[in-house]
Amino acid sequence: MPYTVTVGTGDLRQALASVRVHASTDKEDPSTHRVRLALGRKHLAVSATDRFTNALAIVSLWSEEGDHDICGVDLMPADVGKILSFFQGGKGGGGGAEPEHLLRIEVIEGHVLITDCSGMIEGRALKVPRLSTVDTDLGKVTGLISRYQDTRTHLIDDVAVLGDSLARFQAASKAYGEPLIIEGKGAPGGRAPVLMMRCGESFLGLMTSRTIIDGQRQQLTEWATGWGNRLPEMADEARLIDEGQAVEESAP
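If you're wondering where the values come from, they're calculated on a predicted model, not measured in any experiment.

### Quick look at unusual backbone geometry
Thinking step 1. Of note in this structure, arginine 51 is not a glycine but carries a positive phi near 80°.
Thinking step 2. Relative to the elements of secondary structure, arginine 51 occurs in the loop between β3 (43-49) and β4 (53-65).

Right under this line is the structure:
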């Protein structure tokens, strides 16, 4: 008998869109080139990692059937993209009244079948391959985020982050329509702090940072000094342009 749950279309779309960008793009690393759907007792949890960023989002369950209390499903990132493209309707947001647009997720051997069950007559259905959840790194994501969630938040000094890693969290802000809240968390062994990313009530993420060593600190100071020397004149020039005191066009 397949394991079956029903979720809000918009709620699932928010979770998939915000998390899938954190899955590793390295197809030669199958343990992280995937997105996990953990069908739990109260929520469907979506998680992914590339070992530098970790992401977790929750989706409310509106019905649950089957013999199992929990069920895990791993999907290829490309198949997550197909789900997002195939099922477009519905607004996000868990809790409260049952959403108008619903999807039924059936976990069957080797596949996941997703069906639009919003109305009296079922709509479109999409079947995607199901990957094994054994011997992967995705099971560590929720525990890691839970551990840092319970770690005391503290003020942090300047830290360096990779722009690509930071940019991935833009997907969560766009999906949920909420700002990103960034918290500094402690790290073992005196390493650079881990940054916890919060977005609304349904998304949590982690991102590694880099310690700024003395040589880099000196270079950063030189760059800041250079900007300090340039900016007053640049600001004055910008003011003159705004006031119409700059040359509008070159003489012939």
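There's plenty left to go through after this.
### What to know about the pairing of β3
Thinking step 1. For β3, a buried count of six out of seven residues is recorded, marking the element as mostly surrounded by other parts of the structure.
Thinking step 2. Note: strand β2 (residues 35-39) against β3, four bridges, orientation antiparallel. Within the sheet, the bridge partner assigned to arginine 36 lies in β3 and is serine 47.
Thinking step 3. Where β2 folds back onto β3 in an antiparallel hairpin, the turn is made up of three residues.

### Some details on the side chain of glutamate 183
Thinking step 1. One can find glutamate 183 in strand β9 (residues 181-185).
Thinking step 2. Engagement of the side chain of glutamate 183 in a polar contact is seen with the side chain of arginine 198, the distance being 2.7 Å.
Thinking step 3. Setting aside residues up to four positions removed in sequence, glutamate 183 forms contacts with Thr153, Val194, Leu195, Met196 and Arg198.

### As for helix α6 (residues 214-242)
Thinking step 1. Here α6 spans 41 Å end to end across 29 residues, near enough to the 42 Å set by a 1.5 Å rise per residue.
Thinking step 2. For α6, the principal kink sits at leucine 231 and spans about 35°; a proline, proline 232, occurs within the next four residues.

### Notes on the packing of aromatic side chains
Thinking step 1. Scanning all chains against the criterion turns up two aromatic pairs.
Thinking step 2. Aromatic pair phenylalanine 86 and phenylalanine 87: ring centres 5.0 Å apart, planes at 75°, arrangement edge-to-face.
Thinking step 3. On the basis of relative accessible area, phenylalanine 87 is assigned to the buried category, the value being 5%.
Thinking step 4. On the basis of an interplanar angle of 75° and a centroid distance of 6.3 Å, the ring pair of phenylalanine 169 and phenylalanine 203 is categorised as edge-to-face. Of the two residues, phenylalanine 169 is situated in the loop between α4 (163-168) and α5 (170-176) and phenylalanine 203 in strand β11 (residues 203-207); the sequence distance between them amounts to 34 residues. Residue phenylalanine 169 shares its accessibility class with phenylalanine 203, and that shared class is buried.
Thinking step 5. Taking NZ or CZ as reference, arginine 124 lies 3.8 Å from the ring centre of phenylalanine 86, over its face.
Thinking step 6. The ring of tryptophan 227 is capped by arginine 230, whose NZ or CZ atom sits 4.6 Å from the centre of that ring.

### As for the nonpolar core
Thinking step 1. Ranked by internal contacts, the top residues of the largest apolar core, which has 40 residues, are Val7, Leu37, Leu39, Leu44 and Phe203.
Thinking step 2. With residues near it in sequence (within four places) discarded, leucine 44 still touches Val7, Leu12, Leu37, Ala38, Leu39, Ala57, Ile58, Val59, Leu61 and Ile105.
Thinking step 3. With nine residues, the next largest nonpolar core counts Ala45, Val141, Met196 and Leu204 among its residues.

### Some thoughts on the pattern of salt bridges
Thinking step 1. Scanning all chains against the criterion turns up twelve salt bridges.
Thinking step 2. The closest approach of N and O atoms between aspartate 74 and arginine 34, which form a salt bridge, is 2.7 Å. With aspartate 74 in strand β5 (residues 71-75) and arginine 34 in the loop between α1 (9-19) and β2, this pair connects stretches of sequence that are 40 residues apart.
Thinking step 3. Given the relative accessible area of 8%, arginine 34 is considered buried.
Thinking step 4. Connected through shared salt-bridge partners, Arg34, Arg36 and Asp74 make up one network.

### Quick notes on the packing of α1 against helix α2 (residues 77-86)
Thinking step 1. Two elements in contact, α1 and α2, have axes whose closest approach is 10 Å; the angle formed by their N-to-C orientations is 145°. For the crossing formed where α1 meets α2, the hand is left-handed. Contacts from Arg13, Leu16 and Ala17 of α1 reach α2 at Val80, Ile83 and Leu84.
Thinking step 2. Residues of the contact of α1 with α2, tallied by class, amount to five nonpolar, no polar and one charged.

### Quick look at the confidence of the model for the chain
When pLDDT drops low, the exact placement of atoms in the prediction is not to be read closely.
Thinking step 1. Across the chain, pLDDT averages 86, with 90% of residues at or above 70.
Thinking step 2. Within the chain, the element-level pLDDT minimum falls on α6, averaging 84, and the maximum on α2, averaging 96.

Parameters and conventions
- Residues numbered from 1 in each chain as written.
- Predicted model: local features only at pLDDT ≥ 70, side-chain atom pairs only at ≥ 80, totals over all residues.
- Heavy atoms only, no water.
- Helix = DSSP H or I, 4+ residues; strand = E, 2+ residues; numbered from the N terminus.
- Buried < 20%, exposed > 50% of the residue type's maximum accessible area, 1.4 Å probe, protein only.
- Pairing = 2+ DSSP bridges.
- Polar contact = N/O pair within 3.5 Å; in protein donor to acceptor, adjacent residues only side chain to side chain.
- Contact = heavy atoms within 4.5 Å.
- Expected span 1.5 Å × (residues − 1).
- Bend = angle between axes of the 7 residues up to and from the residue.
- Phe/Tyr/Trp six-rings, centres within 6.5 Å; stacked < 30°, edge-to-face > 60°.
- Lys NZ or Arg CZ within 6 Å of the ring centre and 35° of its normal.
- Core = buried A, V, L, I, M, F, W, Y, C linked by side-chain atoms within 4.5 Å.
- Salt bridge = Lys/Arg side-chain N within 4 Å of Asp/Glu carboxyl O.
- Axes fitted to C-alpha atoms, helices over the stretch in contact; angles between N-to-C directions.
- Left-handed = near helix turned anticlockwise from the far one by under 90°.
- Nonpolar A, V, L, I, M, F, W, Y, C, P; charged D, E, K, R; others polar.
- pLDDT = per-residue confidence, 0-100.

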